[in-house]
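Listed here are the chains, written in short residue letters.
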Amino acid sequence: MALSDRQNWILSGLVGVLLVANGLARLPGSSGTIGLVLAGALVVGGLLAAGNAVSAVRNPAAVEDVEWTRGKTLLNAGAVVLLALALVAVLYPLFA
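Now for a look at the structure at hand. All of these numbers come straight from a predicted model, not from anything done at the bench.

Details of the overall build of the protein chain
Next up, step 1: Looking only at helices and strands, the protein chain has 3 helices and 0 strands in total.
Next up, step 2: The dimensions of the protein chain, computed from C-alpha atoms along their principal axes, are 45 × 25 × 20 Å.
Next up, step 3: Looking at the protein chain as a whole, 29% of its 96 residues qualify as buried.
Next up, step 4: Sequence-distant contacts in the protein chain: of pairs separated by 6 or more residues, those separated by 24 or more amount to 76%.
Next up, step 5: Carbon and sulfur atoms make up 70% of the accessible area of the protein chain, which totals about 6,200 Å².

Topic: the side chain of Ser 12
Next up, step 1: With respect to the helices and strands, Ser 12 occurs in helix H1 (residues 5-26).
Next up, step 2: In this structure Ser 12 comes out as buried when scored by relative accessible area, which is 14%.
Next up, step 3: With residues up to four places along the chain from it excluded, the contact list for Ser 12 reads Ala 53, Trp 68 and Asn 76.

Some details on the side chain of Asn 76
Next up, step 1: Checked against the element boundaries, Asn 76 lands in helix H3 (residues 70-95).
Next up, step 2: Residue classification places Asn 76 among the buried positions, given a relative accessible area of 12%.
Next up, step 3: Dropping the residues within four chain positions of it, Asn 76 is found in contact with Asn 8, Leu 11, Ser 12, Val 15 and Trp 68.

Section: the nonpolar core
Next up, step 1: Among the nonpolar cores identified, the biggest contains 9 residues, and these are Leu 11, Val 15, Leu 18, Leu 19, Ala 25, Leu 42, Val 80, Leu 83 and Leu 87.
Next up, step 2: Secondary structure elements with two or more residues in this core: H1 and H3.
Next up, step 3: Broken down by element, this core gets its largest block of residues, 5 residues, from H1.
Next up, step 4: With sequence-adjacent residues up to four places away left out, Leu 83 is seen in contact with Val 15, Leu 18, Leu 19 and Asn 22.
Next up, step 5: With 5 residues, the next largest nonpolar core counts Trp 9, Ala 53, Ala 56 and Val 63 among its residues.

Description of a nonpolar patch on the surface
Next up, step 1: A cluster of nonpolar side chains, contributed by Leu 24, Leu 27 and Leu 36, occupies part of the molecular surface with about 260 Å² of accessible area.
Next up, step 2: Relative to the helices and strands, Leu 36 is located in helix H2 (residues 33-58).

With respect to H3
Next up, step 1: Taking 1.5 Å as the rise per residue, H3 with 26 residues should run 38 Å; its terminal C-alpha atoms sit 37 Å apart, in good agreement.
Next up, step 2: The set of residues buried in H3 consists of Thr 73, Asn 76, Val 80, Leu 83 and Leu 87.
Next up, step 3: For H3, the secondary structure elements touched by its buried residues are H1.

Conventions and cut-offs
Residues numbered from 1 in each chain as written. Predicted model: local features only at pLDDT ≥ 70, side-chain atom pairs only at ≥ 80, totals over all residues. Heavy atoms only, no water. Helix = DSSP H or I, 4+ residues; strand = E, 2+ residues; numbered from the N terminus. Buried < 20%, exposed > 50% of the residue type's maximum accessible area, 1.4 Å probe, protein only. Contact = heavy atoms within 4.5 Å. Areas by Shrake-Rupley, 256 points an atom, 1.4 Å probe, with all protein chains shown as cover. Core = buried A, V, L, I, M, F, W, Y, C linked by side-chain atoms within 4.5 Å. Patch = residues over 30% accessible without salt bridge, like charges linked within 9 Å, V, L, I, M, F, W, Y side chains within 5 Å. Salt bridge = Lys/Arg side-chain N within 4 Å of Asp/Glu carboxyl O. Expected span 1.5 Å × (residues − 1).

Right under this line is the structure:
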């Protein structure tokens, strides 16, 4: 899986967006402090990841020292799949 640096950053941004979506999807069903903290952590982490990816795509010179390896790309791709499945699992009861 040979992706360009830009494609890798876009994939990383997708991970961030899915983290935010998972955090927001968990808010209505969260009961107690632990659930709210978990949802908040997902949202904040996702916003940071997505923001980092957006700035890297807009200004590639700022992140020249980041080396995208095959392992990092596979980790991001795996995270996209797992986070998408987690989002479906959280949202399924709302639409079933």
